[in-house]
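Chain by chain, the residues run as shown.
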Amino acid sequence: MDVTHILEGMNDRQREAVSSPLGNSLVLAGAGSGKTRVLVHRISWLVEVEDVSPHGVLAVTFTNKAASEMRHRVEQLLGISVRPLWIGTFHGLAHRLLRIHWREAKIPQSFQVLDSDDQLRLVKRVMKMLDLDEQKWPSRQAVWFINTAKDEGRRPRHIDTGGDLFNITHLRVYEAYEEACQRGGLLDFSELILRSHELWLENDDLLRHYQNRFSQILVDEFQDTNAIQYAWLKVLGSRAGLMAVGDDDQSIYGWRGARVEHIQRFSKEFQGVTIYRLEQNYRSTGNILKAANALIDKNQDRLGKRLWTAGEDGDAILLYAAYNELDEARFIAERTREWIDGGASPGDVALLYRSNAQSRVLEEALLRLSIPYRIYGGLRFFERAEIRNALAYMRLVANADSDAAVERVINTPPRGIGDKTVERLRQHAREQDTTLWRAANDLVADRGPADRGPADRGPADRALAGRAANAVKGFIELIDSLTEQCEGKNLEEIVRLAIDNSGLMEFHGSEKGERGLARKENLEELVAACGEFGGAFVLPIDPQGLPSQGTEDLLSEFLDHAALETGEHQADSNASSVQLMTLHSAKGLEFPLVFMAGVEEGLFPHRMSLEEPGRLEEERRLCYVGITRAMKQLYFTYAETRRLHGSESYNKPSRFIADIPADLMQEVRIRNEVTRPLSPAWEDDEGSLRLGQRVAHPRFGEGVVLNCEGHGERTRVEVNFEQVGPKILMLSHANLELLNDS
DNA sequence: AGGCTCTCTCTTTTT
DNA sequence: GAGAGAGCCT
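Residues numbered from 1 in each chain as written. Chains lettered and ligands numbered in written order. Predicted model: local features only at pLDDT ≥ 70, side-chain atom pairs only at ≥ 80, totals over all residues. Heavy atoms only, no water.

1. Considerations on the environment of Ser 732
Okay, so step 1: In this fold, Ser 732 is placed in helix 29 (residues 731-734).
Okay, so step 2: Separated by 246 residues in sequence, Ser 732 and Cys 486 place their C-alpha atoms 71 Å apart. (Helix = DSSP H or I, 4+ residues; strand = E, 2+ residues; numbered from the N terminus.)

Here you go:
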C-alpha cells in the first residue's frame, strides 16, 4: 500500500509518532510542533496501514472546535466519511453514551444537560430550601465544592467532612442538589463524565462492548485531563492502544481540576508506553522561541523539553510601557493599523489578555481606527438571556415538565405571575412530588380544598388568588397552544412560533437603547441557526449494534447541542478581523502578530494566583502559551496605571517580563505623545506638562503624571508619587515642578 | 405585580 | 462597572 502521503513532509520524530506500534504511546508535543497534524495522520495510519476499522477509533479533545477540526482534517486525508469514528470532547462523548444507555445509567430518557448557569440557579434554589444564609454561604462557592468533588469522582457518600462546618454545609448542599438533579433528570457537565464512568463500572457487558470496540484511543491535550476524565480513559482504554498527546508546559486548566501529573501517571500505569518528543517548532521565530524557553525555564515542575527552530531569529520582542490602559489600547490599535496598512490581513493579528474585562478598551481603540475585530469569550451566544429564554420555550414544547424552563420563562415576558405565585407552585409541586408544570395545571384546574398547607399558613396560601390563577392559566394555554402549533413543524418554524407567540421577540426587541436591537438580532440569529441545524447533526446511534433506544426528534437534539456547544465562539482563523481573546482561549491557535496586553503584576500573574507557587507556575505556563502563539512578531504591553472594575490600580510590570532575557527585547518609547487631548488650560499654562512627565511636589516628592481631567481653573492632575503613591491634585494649586526625563 | 432606584458585592481563566 | 438583590412607589 502506498502510505507515502501519510508520512510525507514530516520530520523524523513526527514520523515515528505517527507510525508508532499499536500499543500505548505518549507524545510530548511542544507548542507549534505539529501536534494536531500528528494526531490526524496517526488516525489515517491506523486505518490505512494498520487496518484498524474506523469503528474502532475514538479520539478525545477538549474543545468542540478541536474536535470539528480533527474531524475535518481526517476526512480530508482519508477521503472517507468520519461518521464511524467517535471524535469529540469528553463531554460530548459521555453525553452520547448516556443518550444511548440512559436506562442503564438510571436516568430518564428525556434527561437534560445543565450548563453552568442552570447549575448555579439550581444550587441557589437548593440552598434557599436548606435555609442557608446567602451572605454566609455564597452559592458560587457551593458550586465550586460540588464540581470539584465530581471532577475527582466523588459522590456525597465519598466525602469526609472531617467535622468541618464548611465541608458539612457544602456536603448538605451537594446531597440536596444531587437529589434535585436526579428527580428532575438533570445532568451538569461534570455529571456527564462521572455518570458515564459509573455506567461502565456497573455494567460489565456494556464496558466490555466498548472496550472491544475501541481498540485505538487518541487523546489530545492530555495535560488538561482531570481525575474523572483520567479514570474514564483508564477504564475504557485498559485493553486498547492509547496515544496521549500533550504538553506539560501548556497545562493551564489546573483551576478546573486538570492535573499535569496525569502525564507521568500515564507512562507508569499504562503498559509499555513509548515516549515521543516533538521539539521542533514550525511556527515562531528564533527570538520568540528563545523567550518562551527562557520563561518556562523558571518553572520547577517540568518534564523538560526545549523547543528549537531551523528558522531565522526574526525581530526582537517589543515592549511598550503605557501610561494607562487607554494609552495601551491606542498603541496596540495604531501598531495593528500599521501592520494592516503594510498589506497584512487583520486576521493575522491577535490581541491576547488575561481576563475578559480587559477587552473593552481594546475594542474601543480598534473601533476608532476602523479596524475590523472579533471578540471571543465573555457572554457566548447560547448564554445570552434572550437566547436562553427562547430555548426555554422550545424546551417546554419538547417537555413541559422541565422545571428549569418553567422557572425561567413563566413570567418572561411579564404576565402577572410574581414571586408569590411561583413560590406557591413550587410548594405544591414539592408536596405532590411532581413538576412545576403539573402543579400549575393542578392548581388552576381545581382550586378545591384538596391541598392543605401547613397549619401556620393562612388560607390564602392554599390556592391561587383569582388574578394569579388567570395569569397561570394564560401561561398554560400559551404553552399548550404553542406545543400544538409546533406539531409537525421543522426546527426553524418552531423557534419562530416560540419567540413570536410567547411575546419574547416583542419584549426583548422593545428593551431600551441598543440593547433591544441587539437582542432582537440575536433572536433572529437563533432562528437562522435553527434553520442551518436541520439535518447537519448526526444522530448518536451506535452503528455497531446496541440499539439506541428511541430516536429523538431534532428539537431535543438542538437543545442538547445548545447546552454542550456553549460557544462556537472559538477563534475562527480564516476570519478577516483582528482576534481579541483571553490567553486561555488562544491555546492551539497561531498568529503572525500577537499583542499580549496588561502584562502587569496582579493582572498577569493574576493576584488570585500569587499566593501558591503551583498556581503561579500555571500563570507562567499561560504566558508561555501566549508567547508561543506568535509567529513573526510579539509585543508585550503593560500600563502603569489601570482602571479596572471601577477603580484605579497601579501595577508594576509583570515578573514574566523580567524572566525574558533583555537582549531579546526592545522597549518602544514614544515620548512626546499624549494619550488624550488636553484641555486648553492645560496646554496653555503648562505646555510642557504631559502624561508620563516626571514632576516634583513640595510635600509629596517626585512622581509621574498619570492623567488629567477637568478644565481651566478646575483642572486636576493625577500623579503617582514614589513615596506616597497616587494623588489627585488641583493643577492650579499643586505647585508642581517639572523634571527632566531620566 | 411591576418597575424604579439604590446599595451591595465581586471581581480569572471554561467544557 | 456591572449585575444582583432589596426597598419603595405606582
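Moving on, there is more to tell.
2. Focus: the protein's contact with DNA strand B
Okay, so step 1: Close contacts around DNA strand B come from 29 residues, with Arg 354, Asn 411, Gly 416, Thr 421 and Arg 615 the closest.
Okay, so step 2: For DNA strand B, the fraction of protein-proximal atoms (within 4 Å) that sit in sugar or phosphate groups is 59%.
Okay, so step 3: At a separation of 3.3 Å, a sugar or linking oxygen of DNA strand B approaches a polar side-chain atom of Arg 256.
Okay, so step 4: At a separation of 2.5 Å, a base oxygen of DNA strand B approaches a polar side-chain atom of Arg 615. (Near = heavy atom within 4 Å. Polar contact = N/O pair within 3.5 Å; in protein donor to acceptor, adjacent residues only side chain to side chain.)

3. A closer look at the confidence of the model for chain A
Okay, so step 1: Per-residue confidence for chain A averages 84 on the pLDDT scale, and 88% of its residues sit at or above 70.
Okay, so step 2: Counting interchain partners and residues more than four positions distant, the pLDDT-below-50 stretch residues 448-461 has 14 contacts. (pLDDT = per-residue confidence, 0-100. Contact = heavy atoms within 4.5 Å.)

4. Some remarks on the protein's contact with DNA strand C
Okay, so step 1: Around DNA strand C, the neighbouring residues are Lys 124, Arg 360, His 645 and Gly 646.
Okay, so step 2: Within the side chain of Arg 360, a nitrogen or oxygen atom sits 2.9 Å from a phosphate oxygen of DNA strand C.
Okay, so step 3: Class assignment of the residues belonging to the surface near DNA strand C gives a composition of no nonpolar, 2 polar and 2 charged. (Nonpolar A, V, L, I, M, F, W, Y, C, P; charged D, E, K, R; others polar.)

5. Considerations on the pattern of salt bridges
Okay, so step 1: Here the structure, examined in full by the defined rule, presents 48 salt bridges.
Okay, so step 2: With its nearest N and O atoms 3.6 Å apart, the salt bridge here joins Arg 183 to Glu 179. A residue pair is termed a helical-turn pair when its members lie 3 or 4 positions apart in one helix, as Arg 183 and Glu 179 do in helix 8 (residues 165-184) at 4 residues. The same class applies to Arg 183 and to Glu 179, which are both exposed.
Okay, so step 3: Two residues, Arg 302 and Asp 249, come together in a salt bridge whose shortest N-O distance is 2.7 Å. Of this pair, Arg 302 sits in the loop between helix 13 (286-296) and strand 9 (317-324) while Asp 249 sits in the loop between strand 7 (241-246) and helix 12 (261-269), and the two are 53 residues apart along the sequence.
Okay, so step 4: On the basis of relative accessible area, Asp 249 is assigned to the buried category, the value being 1%.
Okay, so step 5: Put simply, Lys 150, Arg 155, Glu 178, Asp 188, Glu 191, Arg 195 and Glu 198 are held in one network by salt bridges that share partners. (Salt bridge = Lys/Arg side-chain N within 4 Å of Asp/Glu carboxyl O. Buried < 20%, exposed > 50% of the residue type's maximum accessible area, 1.4 Å probe, protein only.)

6. Describing the packing of helix 9 (residues 189-202) against helix 11 (residues 227-236)
Okay, so step 1: Between helix 9 and helix 11, the least distance of the axes is 10 Å, while the angle of their chain directions is 30°. Judged by the inter-axis angle, helix 9 sits roughly parallel to helix 11. Like other packed secondary-structure pairs, helix 9 and helix 11 cross with a definite hand, here left-handed. Only Ile 228, Gln 229, Ala 231, Trp 232, Val 235 and Leu 236 of helix 11 make contact with helix 9, whose side of the interface consists of Ile 193, Leu 194, Ser 196, His 197, Trp 200 and Leu 201.
Okay, so step 2: Split by residue class, the contact of helix 9 with helix 11 holds 9 nonpolar, 3 polar and no charged. (Axes fitted to C-alpha atoms, helices over the stretch in contact; angles between N-to-C directions. Parallel < 35°, antiparallel > 145°, perpendicular 65-115°, else oblique. Left-handed = near helix turned anticlockwise from the far one by under 90°.)

7. Some details on the packing of helix 5 (residues 90-100) against helix 9
Okay, so step 1: Contact geometry for helix 5 and helix 9: axes closest at 9 Å, N-to-C directions at 55°. Overall, the two elements helix 5 and helix 9 adopt an arrangement that is oblique. In this structure, helix 5 crosses over helix 9, and the sense of that crossing is left-handed. Contacts from Phe 90, His 91, Ala 94, His 95, Leu 97 and Leu 98 of helix 5 reach helix 9 at Phe 189, Leu 192, Ile 193, Arg 195, Ser 196, Leu 199 and Trp 200.

8. A word on the packing of aromatic side chains
Okay, so step 1: Throughout the structure, instances matching the rule amount to 19 aromatic pairs.
Okay, so step 2: Pairing Phe 90 with Trp 232 gives two aromatic rings, centres 5.7 Å apart and planes at 75°, and the pair type is edge-to-face. Of this pair, Phe 90 sits in helix 5 while Trp 232 sits in helix 11, and the two are 142 residues apart along the sequence. With respect to class, Phe 90 is no different from Trp 232; both count as buried.
Okay, so step 3: Considering the side-chain rings of Phe 382 and Phe 558, the 6.2 Å spacing of their centres and the 75° angle between planes classify their relative orientation as edge-to-face. With Phe 382 in the loop between strand 11 (373-375) and helix 16 (385-398) and Phe 558 in helix 24 (residues 554-564), this pair connects stretches of sequence that are 176 residues apart. As far as burial versus exposure is concerned, Phe 382 and Phe 558 are alike and both buried.
Okay, so step 4: Site record: aromatic cluster; members linked through ring pairs are Phe 62, Phe 90, Trp 200 and Trp 232.
Okay, so step 5: When the ring centre of Phe 111 is taken as reference, the NZ or CZ atom of Arg 99 above it lies at 3.8 Å. (Phe/Tyr/Trp six-rings, centres within 6.5 Å; stacked < 30°, edge-to-face > 60°. Lys NZ or Arg CZ within 6 Å of the ring centre and 35° of its normal.)

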